[in-house]
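Fold and geometry: a report
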Amino acid sequence: MVESALKLERARYERSALVEWLTTVDHKKIGILYFWTSIVFLLIAGFLALLIRTQLIVPENTFLGPETYNQVFTMHGTMMVFFVGMPLNAAFFNFFVPLMIGARDVAFPRLNAFSYWAFLLGSLLMLSGFLFGAAPDGGWFGYANLTSSKLYSPGLNIDFWVMGLQVLGVASLASALNFFVTIVNMRAPGMSLMRMPVFVWMTLITAILILLAFPSLTVGLVMIMFDRYFGTNFFNPAAGGDPVIWQHLFWIFGHPEVYILILPPMGMISEILPTFSRKPLFGYTFVVFAGMGIAFLSFGVWAHHMFAVGMGPVPNAVFATTTMLIAIPTGVKIFNWLGTLWGGSIRMTTALLFAATFISMFTIGGISGVMHASVPIDYWQTDSYFVVAHFHYVLFGGLVFAVLAATYYWFPKMFGRMLDERLGKLHFVLTLIGFNLTFFPMHFLGIDGMPRRIYTYSAGMGWDLWNLVISIGGYLTALSFLVFLYNVVRTFQRPADAPADPWDGRTLEWSIPSPPPAHNFDVVPVVRGRDAFWIEKYGAEEVVGPTPERHGPPTGGSPQRPHNPDPGQHAGHGPSTPSGHGGQAHIHLPPPSWFPLSTAIGLTLMGTGMVMHASDTLGSLGFPVVGLGIAVVVVSLLGWTFEPIHEEAHA
Amino acid sequence: MSSTAVGHAPEAHATTTGISHNKMLMWTFLASDCMFFGSLIWVYTAYRGRSTQGPYPQEILNIPYTSVSAAVLLLSSLAMVLALHGIQHGNMRRFRVWLGATAALGALFLGGQYFEFTEFYRHGLSLQQNLFGTTFFVLTGFHGTHVGIGIIWLVTLILLSLFGRLSPANAERVEVAGLYWHFVDIVWIVIFTLVYLIPY
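Everything numeric in this text was worked out from a predicted model, so none of it was measured.

1. With respect to the overall build of chain A
Across its full length, chain A carries 18 helices and 0 strands. The burial tally for chain A puts 56% of its 651 residues in the buried class. Taking contacts inside chain A between residues at least 6 apart in sequence as the whole, the part at least 24 apart equals 82%.

Below is the structure:
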């Protein structure tokens, strides 16, 4: 039987819980690791935001000095983008993409584990700057030559930033490669591209964006590193270097990065709204193609971050036009979500409240975005609090609201427990009020001329009242997260009794128990249309396209529809019948491995050594540690290559 | 079951597209690497001819010398094709000879680059000297690093085959390494044209 074969396989790797988590290659466990890690980072980065708001609560405050303030706002931004936004999305990619396409794992399970460990260790490397009073302080955008010249940034602050980001970049690239191959290559029979859940589509598009956008950040960081460590001239104007080159490289990465952050939330919304409206997603094809349109355009808009740099009227006009064009596919999506809700039998769950609020909050952020797509208006708004308001409506009102919706929606599947709905609604109301109280007045401050990134301001500028209101809003938002944490703790004190399909879901993850077994599916599902599980439950008026026969060697189990065993369908594959004897029904699960963790340790040692090299006290140890890191990576990769991964659990 | 032994490659598993995971991973990685080299090359182009002091490229570049080493690298691609042909047709000896030749030609190219770098350095061109030195060494250095990683990969494949861990059934592993190798060669064609051939 499936279960007994599994137990056999598992028994060989019976280890302590800690070792199990350190060596796991199970996409669900890795997803959970991503989830909790980024929640912790969210709390830390949120705490940094509270420090910022405490400093700005009254004019001429002395709570934080300028140096500390620079570190705090830089780390708040860097963490929210790289330690919170991307990995929270990755948590849901990891847990749900294989389930939604009917796969047993990702294409490269060990590479997946490596991505997580490199993300964790790279983040810790950068965070460790705080221990030395030298956290990054050059802004999350790290403009050269402030960051590239030791003259302007003599401490280790920027070194922590550069090296931490390089490690995180490797983690993101590895993860994107993995999910691209997984989605393209590991779909269950019948799961054609246009039957994929929109969340899977957005994951695929995000993976492509990461693959094409991150290299330019890598190159930019390499240039900063060379300027700082080896005295090169990339951003040295005295030798003809041009700091604006950094801005181009950074924003060619940085604008697609915005969509790397927001497309997965759009996918989450596109799963949650149909479920709680009991309707299919309105205009599925348009939503998918709008996602592709946004991704394509995102590579042609980067210079709208640089209107005030002085590129001249022609580039400014071109980039203003392309930027406004992005409003079209985004608008398509918004109307499709509204169309999904329209006329549905809506259930007001916490997940739906967060998801529906996402639409309005994101729209506010989108509208202010279109406003500063216009160059003359941008001249007024750039580097002011208006911009801060804009991107927080997109990233908090957008990403965070969607991720919270997804958390309430998918929590039962991940942990087998339902979050409390009453506490959830309290959480929602507090977040909604706190968030708007924090960020809406920033529009007024920005129009009134208050610059971003300043650590204090004079009394009598007319900014006192709104700053006070914003800070109160910030504390309220923090309170709402305490309610969320309380909800999570309470939920874990109750028994794990979530049903397999608590929301009457539409996609394949709801067809298996909560939480899913290690092998995900007893039998690989056969997909007969969009909303694959819905069709199995309720049938479809018309199932478009043929129902496929499984061909090729069985990778375990046999093709059957969920809840509808139909052995006749695969008469040609006798040995793969799950009820067969002699252990033929082995489901192959990759064994745990230490090498992903050790490779990530080696990579992070390389970054750590580089930071040490730049320090006064440990400078001589720097390159030896880099060498040690390279050695660890090489040995780990060799072990990785030779490690047997295809042992079969024959009975 | 037909799947027999340890190391039975994942390419034997059915995939949605029929393309193995490993091959798709390599193609996808190469797409990303295109953007990596694209960014480096763009920076080189943006800084072309903007050095404020010598040595300038036209004074120091030795086009005939580098043409020979470029030809060496391109020949290695031919050897790579012959090595793949060897293993695909079950001729392991031919495979090892030609893969060895590929690695050796790659090493010869790297040796030529090392000689070129030291020669330039003796003429006063360093990473720090001017923008040309900065962009030239970083661009060609990253390309050289790619070649070096490729050589290590090829040598590993030869060793694997000597220890009986690589058989014609795994020919695709060689094909995937070949994709990488050819890509690195193609990048050199672009760099060679841009840095050496187009007059300053």
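From this point, the discussion proceeds with the structure in view.
2. Topic: the overall build of chain B
Scanning chain B for helices and strands turns up 6 helices and 0 strands. N-terminal to C-terminal, the α/β element order of chain B is α-α-α-α-α-α. Projected onto the principal axes, the alpha-carbon positions of chain B cover approximately 70 × 35 × 25 Å. In chain B, buried positions account for 36% of the 200 residues. Considering only contacts within chain B whose residues lie at least 6 apart along the sequence, 79% involve residues at least 24 apart.

3. A look at helix α10 (residues 313-341) of chain A
Residues and elements named next belong to chain A. In a regular helix each residue adds 1.5 Å, so 29 residues correspond to 42 Å; α10 covers 43 Å between its end C-alpha atoms and thus fits that length. Where α10 is concerned, the buried positions are Asn316, Phe319, Ala320, Thr323, Ile326, Pro329, Thr330, Lys333, Asn336, Trp337 and Thr340. One or two residues past the end of α10 sits Gly343, with phi positive at roughly 75°.

4. Quick notes on the confidence of the model for chain B
Residue and element names in this part refer to chain B. On average, chain B scores 91 in pLDDT, and the residues at 70 or more come to 94%. Throughout residues 1-12 the model reports pLDDT below 50, and contacts reaching past four residues in sequence, or to other chains, amount to 22 contacts. For this predicted complex, the interface confidence reaches an ipTM of 0.92, while the overall pTM sits at 0.91.

5. Description of the nonpolar core
Across soluble globular proteins, nonpolar side chains have a tendency to be buried as a group. Core analysis: the largest hydrophobic core is formed by 241 residues, its most contacted members being Phe180, Ile272, Ala355, Phe358 and Ala405 of chain A. Ranked by the residues each element gives to this core, the list is headed by helix α7 (residues 198-230) of chain A, at 23 residues. Sequence-distant contacts of Phe180 of chain A, defined by excluding residues within four places in its chain, comprise Leu204, Ala207, Ile208 and Leu211 of chain A together with Thr28 of chain B.

6. Observations regarding the packing of helix α4 (residues 66-100) of chain A against helix α8 (residues 243-277) of chain A
All names here are of chain A. For the pair α4 and α8, the least separation of the axes is 10 Å and the interaxial angle reads 35°. For the element pair α4 and α8, the recorded crossing hand is left-handed. On the side of α4, the interface is formed by Val81, Gly85, Met86, Asn89 and Phe92, while α8 contributes Ile260, Leu261, Pro264 and Met268. Among the residues making up the contact of α4 with α8, the classes are represented as 7 nonpolar, 2 polar and no charged.

7. A look at the packing of α8 of chain A against helix α9 (residues 284-298) of chain A
Residue and element names in this part refer to chain A. α9 packs onto α8 with a crossing angle of 170° between their chain directions and a minimal axis gap of 10 Å. The orientation of α8 with respect to α9, classified from their angle, is roughly antiparallel. Residues His255, Pro256, Tyr259, Leu263, Met266 and Ser270 of α8 form the contact with α9, whose participating residues are Val287, Gly291, Ile294, Ala295 and Ser298. Grouping the amino acids of the contact of α8 with α9 by side-chain chemistry returns 7 nonpolar, 4 polar and no charged.

8. Focus on α8 of chain A
All names here are of chain A. Its 35 residues give α8 an end-to-end C-alpha distance of 51 Å, which sits within 8% of 51 Å, the value for a rise of 1.5 Å per residue. The largest bend along α8 reaches roughly 30° and is located at Trp251. Of all the 35 residues making up α8, 32 are buried; the element is thus mostly covered by neighbouring parts of the structure.

9. Some details on the confidence of the model for chain A
All names here are of chain A. Here chain A averages 90 in pLDDT, and 90% of its residues register 70 or above. Contacts of residues 550-584 to residues separated by more than four positions or lying in other chains number 66 contacts, the stretch itself having pLDDT below 50. This stretch, residues 647-651, has a pLDDT under 50; its non-local contacts, to residues over four places away or in other chains, come to 15 contacts.

10. What to know about the environment of Gly627 of chain A
Residue and element names in this part refer to chain A. One can find Gly627 in helix α18 (residues 619-642). Take Gly627: there are 13 C-beta atoms within 10 Å of it, and that puts it in the partly exposed class. Separated by 22 residues in sequence, Gly627 and Leu605 have C-alpha atoms that sit 8.8 Å apart.

11. Regarding unusual backbone geometry
Residue Pro515 of chain A is bonded to the preceding Ser514 of chain A through a cis peptide linkage, with omega at -15°. Of note, the bond from Gly54 of chain B into Pro55 of chain B is cis; its omega dihedral lies within 30 degrees of zero at -5°. With respect to the element layout, Pro55 of chain B can be found in the loop between α1 (21-47) and α2 (57-60). One non-glycine residue, Glu60 of chain A, lies in the positive phi region at around 50°. The topology assignment puts Glu60 of chain A in the loop between α3 (27-55) and α4. The backbone of Asp531 of chain A sits at a positive phi, close to 50°, despite the residue not being glycine. Here Asp531 of chain A is to be found in the loop between α15 (464-493) and α16 (532-538). Here Asp531 of chain A falls in the buried class, since 25 other C-beta atoms lie within 10 Å of it.

12. Quick word on the environment of Val626 of chain A
Residue and element names in this part refer to chain A. Relative to the helices and strands, Val626 resides in helix α18. When the C-alpha positions of Val626 and Met606 are compared, they lie 4.2 Å apart, and in sequence the two are 20 residues distant. Those residues in contact with Val626 that lie beyond four places of it in its chain are Met606, Gly609 and Met610.

13. Let's talk about the environment of Leu465 of chain A
Residues and elements named next belong to chain A. The topology assignment puts Leu465 in helix α15. Assessed through the 11 C-beta atoms surrounding it within 10 Å, Leu465 is described here as exposed. On a C-alpha basis, the gap between Leu465 and Ala103 in space is 54 Å, while along the polypeptide they are 362 residues apart.

About the cut-offs
- Residues numbered from 1 in each chain as written.
- Chains lettered and ligands numbered in written order.
- Predicted model: local features only at pLDDT ≥ 70, side-chain atom pairs only at ≥ 80, totals over all residues.
- Helix = DSSP H or I, 4+ residues; strand = E, 2+ residues; numbered from the N terminus.
- Buried ≥ 20, exposed ≤ 12 C-beta atoms within 10 Å, placed from the backbone.
- Contact = placed C-beta atoms within 7 Å.
- Expected span 1.5 Å × (residues − 1).
- pLDDT = per-residue confidence, 0-100.
- Core = buried A, V, L, I, M, F, W, Y, C linked by C-beta atoms within 7 Å.
- Axes fitted to C-alpha atoms, helices over the stretch in contact; angles between N-to-C directions.
- Left-handed = near helix turned anticlockwise from the far one by under 90°.
- Nonpolar A, V, L, I, M, F, W, Y, C, P; charged D, E, K, R; others polar.
- Parallel < 35°, antiparallel > 145°, perpendicular 65-115°, else oblique.
- Bend = angle between axes of the 7 residues up to and from the residue.

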